[in-house]
Amino acid sequence: MNSDRTPLPPSWFEKNVGGIVRGLVVVCVLLLVADLVFHFVGHKHVHFDWEAWPGLYAAAGFVSYVGLVLTAKQLRKLLMRPEAYYGEAPLRPLGHPAGPDADPDGDTRAMGEGDQDERDQDAGDQDEHHRDAVGAAGTEEEE
Amino acid sequence: MNFFLDLLETMFPGELMLLGALLVPFLKGKLRLGYVVLLPILSLLHLLTLDVGYEAGATLLGYPLEVVRVDALSRIFGIVFHIAAILCCIYALHVKGWVEHVSTLVYAGAAIAATFAGDLITLFIFWELTALSSVFLIWQRGVVQPSHRERSYRAGMRYLIISVASGVLLLGGALLHYQDTGSLHFGLMGLDASRGAIFIFLAFGMKAAFPLMHNWVQDAYPEATVSGTVVLASFTTKLAIYALARGFAGTELLIPIGAAMTAFPIFFAVIENDMRRVLAYSLNNQLGFMVVGIGIGTELAINGAAAHAFAHILYKGLLLMSMGAVLYRTGTIKASELGGLHKSMPMTTVFCIIGALAISAFPGLSGFVTKSMVISAVGEAHLTIVFGVLLFASAGVCDHSGIKIPFFTFFAHDQGWRVKEAPKHMLIAMGLAAFLCIGIGVAPSFLYALLPYPELAAQYHAYEATHVLTMLELLLFAGLAFVALMKMGVYPPELPALNLDFDWFYRKGAPPVVREVYGLAGYARERLWTATLGAREAVRDIAKTHHEPPGGRMGEPWSASATTLWAALILGIMLLLQYGCSPAAGLQ
């Protein structure tokens, strides 16, 4: 998207994704080690016996997360509908959401009109109603 | 000066904002903006002059009302409502018209006044006022963005109808409660206190977004203006949490209800594309933790619920403010259209991440020191299943609010946005909220001192080694799971679509059925009318000759409360029927 624009130079984050991930893995391993050490050396304050098993919370976090995300992904098959399902025009990026009236700096017409058209084409699967609505909204923005 | 001080002394908390809001339309420019921010600050100072134990009353149509009751429970909610109002007013300084400012002040003032209401009628009045005043925050979206007019109008109507329905239940319940107990006092009642208690419970439950009554939150909040969503998310649902804590602490039914609230909205949050709607689902999940705490009802649990509500208002406000700033600058809030914004909005990114860590209950931030109280209370009550559900939900929060919101907005794929950083006033509001999120996390004792049971809270240590370790494990391994799913390419992509939820039933399912039934009923009535002409004339003749004397069965006087009850009931039914049939209410 927005191929007509030269990309901004990569940020620190973008250059270091690999490092951040490696750091996360290292911290996770350290946590497990700390948990094991604490389990045999220290005294855990727990409400249930099973809570004290070393690595239980790590497993709970990982498994819950994967289970949640994959289940939700399957739910899409059942629940997902087009944006215009309720007969309302879906929200499009129409320049300023609050309108020029509420803009203190008088700037940021969001992206240019070109982007607007591109987005509309992306949403090509939408029905007639939607396209009309976007068209009408587009003229309002011209004012 | 003395005159004003005397006047202040007769005021109830929030009144300053309610009355002061009326002046806003007459002020212009900077004066108006300064006044809008000053008003909630003065109101907060006024509240702080009232000591715990302060009470004030009034009389309405012969009923004595307890308009003001300041105790530890109402005070902590009153204080955080004021802080939220101040932050919201700063955040909304870019708004040039007066409607949003007045709406915000009246809405916040009404929520504060309701918090301090000592009787059910005062509560009802301000309960309804919060609904009536806040709908303008949704409708204003259509005013400032004309292409959005129809959509805002419909969303606002749905919001208003559900809010008012909750008020009708509350009023009906209050009157039944009065008939049974002879008292309108709003205190701990429980479900068995009277025939009215269940209606009051349901009225609170609607606004606290109980499962299957939850959908108005996700439906309405994301449709409001940039600042309107922040305002809406701060008050109504937390007022309901306060009311539940006041009236139904220890009601065990709340434990499964709350557990369901923590778990099921997060599935929707994972696949939702509108980032403010993701946060509305997340709001529902957070309310669940509070509801569980109230259901357990021990001192620790009530402390936990109140503390979590306090922290929640601030970090949820912060997250919604950061998303509002993104909407304000880019014009969109869909995950499928966002990404890479950390390059152009670095400060907003940092504030959003602070909010995300706070809601995930990362050690060092506010969510950690408050949610742990609720979880400890569940542990002490030895509720194994609920404990497991809350752990699952905690990992879930880490996904949708902790990772999805900041990652897909500010990082992920750079979509080429070239926008300015958020305006200064928004950065100030976000900065203050972020400061409070960190402050509460680092020094929880200030918050703990405000809790309903401060002595117990003073002995509570959130930063206990086991707890810090286990929470870090839970969150970081959830983060690891995210990385793994992304690397494997199985994390669900952000798609421009909507997901069906319970609102389908009243937006798609019910209207044709109701219209059909209404049509049939009209037809049946007509047929009945013509068919019974003879019989009716006969009855009329009998009635004319043998009419009941005054004092007979038909002439019996009704009590005022019974009349109001029936009127409320009939109006409620009419409202629902009209809603189903009216094309203006916008149900396709």
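## Thoughts on the overall build of chain B
If you tally the helices and strands in chain B, you get 24 helices and three strands. Along the three orthogonal principal directions, the C-alpha set of chain B runs to about 85 × 60 × 55 Å. Burial statistics for chain B: of 588 residues in total, 58% are counted as buried.

## Focus: the overall build of chain A
A count of helical and extended segments in chain A gives five helices and one strand. Walking chain A from its N terminus toward its C terminus, one meets helices and strands in the order α-α-α-β-α-α. Residues counted as buried form 23% of the 143 residues belonging to chain A. Once local pairs closer than 6 in sequence are excluded, the contacts in chain A between residues at least 24 apart make up 52%.

## Looking at the interface of chain A and chain B
Taken together, the contact pairs 65 residues of chain A with 67 residues of chain B. Within the residue set of the side of chain A that touches chain B, elements represented by two or more residues are helix H2 (17-41), helix H3 (56-79), strand E1 (80-81) and helix H5 (128-142) of chain A. Looking at the side of chain A that touches chain B element by element, the count peaks at 16 residues for H3 of chain A. By residue class, the composition of the side of chain A that touches chain B is 40 nonpolar, 13 polar and 12 charged. With two bridges joining them, E1 of chain A and strand E3 (residues 498-499) of chain B adopt antiparallel strand pairing. Residue pairing for E3 of chain B: Met80 of chain A is matched across the bridge by Asn499 of chain B.

## Looking at unusual backbone geometry
Residues and elements named next belong to chain B. Even without being a glycine, Leu212 presents a positive backbone phi close to 75°. Here Leu212 shows up in the loop between helix H8 (197-207) and helix H9 (215-220). Among the residues examined, Leu212 registers 12 C-beta atoms within 10 Å and is labelled exposed. Even without being glycine, Ala361 reaches a positive phi, approximately 65°.

## Quick word on the packing of helix H4 (residues 72-91) of chain B against helix H5 (residues 99-115) of chain B
Residues and elements named next belong to chain B. At a minimum axis separation of 9 Å, H4 and H5 run at an interaxial angle of 175°. With respect to H5, the axis of H4 lies roughly antiparallel. Residues Ser74, Phe77, Gly78, Phe81, His82, Ala85, Cys88 and Cys89 of H4 form the contact with H5, whose participating residues are Thr104, Ala108, Ala111, Ile112 and Thr115. Taken together, the residues of the contact of H4 with H5 break down into eight nonpolar, five polar and no charged.

## Considerations on the packing of helix H10 (residues 226-247) of chain B against helix H14 (residues 299-330) of chain B
Angle between the axes and distance between the axes are the two parameters that describe a pair of packed helices. Residue and element names in this part refer to chain B. Between H10 and H14, the least distance of the axes is 8 Å, while the angle of their chain directions is 170°. The pairing of H10 with H14 is recorded here as roughly antiparallel in orientation. Classified by chirality, the crossing of H14 by H10 is right-handed. On H14, the residues touching Val226, Ser227, Thr229, Val230, Ala233, Ser234, Lys238, Ile241 and Ala245 of H10 are Ile302, Ala305, Ala306, Ala309, Ile313, Lys316, Gly317, Leu320, Met321, Gly324, Leu327 and Tyr328. Looking at the contact of H10 with H14, its residues break down into 14 nonpolar, five polar and two charged.

## Some points on the confidence of the model for chain B
Residue and element names in this part refer to chain B. Model confidence for chain B is summarised by a mean pLDDT of 89, while 95% of its residues fall at 70 or above. Between residues 583-588, whose pLDDT stays under 50, and residues either more than four places distant or in other chains, the model counts 12 contacts. The ipTM for the predicted assembly is 0.81, set against a pTM of 0.84.

## Considerations on the nonpolar core
Counting 217 residues, the largest nonpolar core has Leu244, Leu318 and Cys437 of chain B as its most contacted members. Per-element tally for this core: the top contributor is H14 of chain B, with 21 residues.

## Some details on H2 of chain A
Under the 1.5 Å per step criterion, the end-to-end length of H2 of chain A is 36 Å for 25 residues, consistent within 8% with the ideal 36 Å. Sparse coverage of H2 of chain A is indicated by the burial of two of its 25 residues.

## Description of the pairing of strand E2 (residues 63-69) of chain B
Residues and elements named next belong to chain B. When you tally the buried positions in E2, you get five out of seven residues, the bulk of the element. With six bridges connecting them, strand E1 (residues 55-60) and E2 associate as antiparallel partners. Within the sheet, the bridge partner assigned to Gly57 lies in E2 and is Glu66. Hairpin connection, E1 to E2: the antiparallel pair is bridged by two residues, and Leu61 has positive phi, about 50°.

## A few points about the environment of Glu223 of chain B
Residue and element names in this part refer to chain B. Within the element layout of this structure, Glu223 appears in the loop between H9 and H10. On the basis of neighbour counts, which here come to 29 C-beta atoms within 10 Å, the residue Glu223 falls in the buried class. Between the alpha carbons of Glu223 and Gly156 there is a distance of 8.3 Å; along the sequence they are 67 residues apart. Beyond its immediate stretch of four places on either side in the chain, Glu223 contacts Ile138, Arg141, Arg151, Ser152 and Ala155.

## A short note on helix H11 (residues 254-263) of chain B
With respect to burial, H11 of chain B is a largely interior element, seven of its 10 residues being buried. Regarding H11 of chain B, the residues found buried are Leu254, Ile255, Ile257, Gly258, Ala259, Met261 and Thr262 of chain B.

## Let's talk about the environment of Arg329 of chain B
Position of Arg329 of chain B relative to the elements: it lies in helix H14. Sequence separation of Arg329 of chain B and Val419 of chain B is 90 residues, and the distance between their C-alpha atoms is 6.3 Å.

## Here's the deal with the confidence of the model for chain A
All names here are of chain A. Across chain A, the average pLDDT comes to 66, with 57% of residues at 70 or higher. Across chain A, element-level confidence peaks in H3 with a mean pLDDT of 91 and bottoms out in H5 with 34. Here residues 93-143 is modelled with pLDDT under 50, and outside its nearest four sequence neighbours on either side it reaches 74 contacts, counting other chains as well.

## Quick look at the environment of Ala361 of chain B
Residue and element names in this part refer to chain B. Looking at the element boundaries, Ala361 is found in the loop between helix H15 (346-359) and helix H16 (366-380). Along the chain, Ala361 and Leu132 lie 229 residues apart, while their C-alpha atoms are 34 Å from each other. Apart from the residues lying within four places of it in its own chain, the contact partners of Ala361 are Gly367, Phe368, Lys371, Ser394 and Met471.

Cut-off values and rules
- Residues numbered from 1 in each chain as written.
- Chains lettered and ligands numbered in written order.
- Predicted model: local features only at pLDDT ≥ 70, side-chain atom pairs only at ≥ 80, totals over all residues.
- Helix = DSSP H or I, 4+ residues; strand = E, 2+ residues; numbered from the N terminus.
- Buried ≥ 20, exposed ≤ 12 C-beta atoms within 10 Å, placed from the backbone.
- Contact = placed C-beta atoms within 7 Å.
- Nonpolar A, V, L, I, M, F, W, Y, C, P; charged D, E, K, R; others polar.
- Pairing = 2+ DSSP bridges.
- Axes fitted to C-alpha atoms, helices over the stretch in contact; angles between N-to-C directions.
- Parallel < 35°, antiparallel > 145°, perpendicular 65-115°, else oblique.
- Left-handed = near helix turned anticlockwise from the far one by under 90°.
- pLDDT = per-residue confidence, 0-100.
- Core = buried A, V, L, I, M, F, W, Y, C linked by C-beta atoms within 7 Å.
- Expected span 1.5 Å × (residues − 1).

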